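For reference, the chains in residue letters:
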Amino acid sequence: MKWTGQDTVVYEKAKEYVDTAVIPLLPVAGGKEQQESVLMGEFTQYLTEYLEKQYMGRVYLLPPFTYLKEESGEEKKNRLTAWAAHFEKHGFKYFLFVTADMQWRKINLEEAGELVWIPAFSVHDMEPGKRHQAIEQQAQQIIPLMTQQWT
Amino acid sequence: MSEKKHRVSRRQFLTYTLTGVGGFMAAGMLAPMVRMALDPALEAGADSDFVSIGLSEDELSEEPQRVDFTVELDDGWYQSEQTQSAWVFRNGDEVMALSPICTHLGCTVNWGTNEENPEEFFCPCHFGRFERDGTNIPGTPPTRPLDVYEVEVRDGMIYLGQINQRD
Ligand code: FES
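Thresholds applied
- Residues numbered from 1 in each chain as written.
- Chains lettered and ligands numbered in written order.
- Predicted model: local features only at pLDDT ≥ 70, side-chain atom pairs only at ≥ 80, totals over all residues.
- Heavy atoms only, no water.
- Helix = DSSP H or I, 4+ residues; strand = E, 2+ residues; numbered from the N terminus.
- Buried < 20%, exposed > 50% of the residue type's maximum accessible area, 1.4 Å probe, protein only.
- Areas by Shrake-Rupley, 256 points an atom, 1.4 Å probe, with all protein chains shown as cover.
- Contact = heavy atoms within 4.5 Å.
- Buried area = accessible area lost by both parts, 1.4 Å probe.
- Salt bridge = Lys/Arg side-chain N within 4 Å of Asp/Glu carboxyl O.
- Polar contact = N/O pair within 3.5 Å; in protein donor to acceptor, adjacent residues only side chain to side chain.
- Phe/Tyr/Trp six-rings, centres within 6.5 Å; stacked < 30°, edge-to-face > 60°.
- Lys NZ or Arg CZ within 6 Å of the ring centre and 35° of its normal.
- Disulfide = S-S within 2.5 Å.
- Axes fitted to C-alpha atoms, helices over the stretch in contact; angles between N-to-C directions.
- Parallel < 35°, antiparallel > 145°, perpendicular 65-115°, else oblique.
- Left-handed = near helix turned anticlockwise from the far one by under 90°.
- Nonpolar A, V, L, I, M, F, W, Y, C, P; charged D, E, K, R; others polar.
- Pairing = 2+ DSSP bridges.

A. Molecular detail of the overall build of chain B. Secondary structure assignment for chain B yields two helices and nine strands. The proportion of buried residues among the 167 residues of chain B is 41%. Entry remark: accessible area of chain B is about 9100 Å², with carbon and sulfur atoms responsible for 53%.

Encoded structure:
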């Protein structure tokens, strides 16, 4: 499900079936690093939207968790853990954090959920059919991490 | 979640080509009324909605195969392409094309991915199951069969039209 009015209506009625939260982790930066951060963001968004589309009955795609590139690892971790704890209190059991930002690989999120790091590629200049295929291929790497938790 | 609602509004936009924000808003208010009045005409024009999936009739077997195809959407703001999928196979002497969207809560179903039930469609989300012709299997969460595409065979090639619900 998506973070939209329409989907929250469905969510209210089907809560017990929706137990997995997907949270994109997006670095934000201006200047020299802006281009890279946009590229990562766009890629991560396509990827998580694909996951949502395939698994919308069980997965809620939450708004992206954004942070300045210079924010310390500690701070980021605390904020993100607070997000997860909050939604856990409200009925979510599984958390999947999806990012293209290498920095997260050094941060231990095990207690909060599953971290998936996928190297980004530029998607905006791809022809839609190709893009769909490329995104699907990457998604196939992530999906088992999610569905394994369910069984 | 609501493929249905989207389809309706896209169709409205397709039908009434609109320019400008004012027209857009006015149409938003008028469209439901106009639509009721024009609906039969819309149905009759549905032919043009068929798209080729690049597969010929003799490439089909009894085993459902997944095809992805793109449809053009014009929602009044911009034109975009959307990828859709179908499970296509031969069912007796007709060609059947099922929507992969689980009728429980909308996850994507796959053919033969559940080891215990290889001859069924399986939904990974809450383990919904469907027979080959899309009939939902009692005791699993889905309460109605998978939706079907309208199918047309022209010169041996397969074309898919709109998606219909069955109960
Ligand atoms: S969405 Fe398919 S079984 Fe629930």
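B. Focus on the interface of chain B and chain A. Listed as interface residues are 17 residues of chain B and, on the opposing side, 17 residues of chain A. For the pair chain B and chain A, the two sides together bury roughly 1600 Å², of which 58% comes from carbon and sulfur. Ionic pairing is found between E136 of chain A and R66 of chain B, a salt bridge with its closest N-O pair at 3.2 Å. Scanning the region where chain B abuts chain A turns up five residue pairs in polar contact (both at pLDDT 80 or more). At the level of elements, helix 1 (3–15), strand 2 (65–74) and strand 3 (79–91) of chain B are the ones that each hand at least two residues to the side of chain B that touches chain A.

C. Representation of the packing of aromatic side chains within the structure. Tallied over the entire structure, the rule returns 17 aromatic pairs over all chains. Ring plane angle 75° and centroid distance 6.0 Å describe the contact between F87 of chain A and F92 of chain A, whose orientation is recorded as edge-to-face. Taken together, a centroid distance of 4.8 Å and an interplanar angle of 65° make the contact between W111 of chain B and F121 of chain B edge-to-face. Here W111 of chain B, found in strand 5 (residues 110–111), pairs with F121 of chain B, found in strand 6 (residues 121–123); they are 10 residues apart in sequence, far enough to count as distant. Summarising the burial analysis for this pair, W111 of chain B and F121 of chain B share the class buried. Taking NZ or CZ as reference, K76 of chain A lies 5.5 Å from the ring centre of W104 of chain A, over its face.

D. Focus on the state of the cysteines. All names here are of chain B. Summed over all chains, the structure comprises one disulfide over all chains. Between the sulfur atoms of C107 and its disulfide mate C125 the distance is 2.1 Å. On the sign convention where negative is left-handed, the bridge of C107 and C125, at about -90° about the S-S bond, is left-handed. A residue pair is termed long-range when its members are at least 10 positions apart, and C107 in the loop between strand 4 (94–98) and strand 5 and C125 in the loop between strand 6 and strand 7 (128–130) qualify at 18 residues. By relative accessible area, C125 is classed as buried at 0%.

E. Just the packing of helix 2 (residues 34–54) of chain A against helix 4 (residues 128–150) of chain A, in detail. Residues and elements named next belong to chain A. In contact at an axis separation of 9 Å, helix 2 and helix 4 are set at 70° when each is read in the N-to-C sense. With respect to each other, helix 2 and helix 4 are oriented roughly perpendicular. Of the two possible hands of crossing, helix 2 and helix 4 adopt the one that is right-handed. On helix 4, the residues that touch F43, Y46, L47, Y50 and L51 of helix 2 are R131, H132, I135, E136, Q138, A139, Q140, I142 and I143. A per-class count over the contact of helix 2 with helix 4 returns nine nonpolar, three polar and two charged.

F. Expanded view of the pattern of salt bridges. Summed over the entire model, instances satisfying the criterion amount to 12 salt bridges over all chains. When salt bridges with common partners are traced through the structure, they connect E33, E36 and K69 of chain A into a single cluster.

G. Region of interest: the sheet that holds strand 7 of chain B. Overall, antiparallel pairing links the three strands, which are arranged 5-6-7 (chain B) in an open sheet. Of all the strands in the sheet, just strand 5 and strand 7 of chain B have a single pairing partner and so form its edges.

H. Expanded view of the environment of E59 of chain B. Residue and element names in this part refer to chain B. Along the chain, the position of E59 falls in the loop between strand 1 (51–56) and strand 2. Residues E59 and G156, spaced 97 residues apart in sequence, show a C-alpha to C-alpha distance of 9.9 Å. Reaching out from E59, the side chain makes a polar contact with the backbone nitrogen of S56 at a distance of 2.7 Å.

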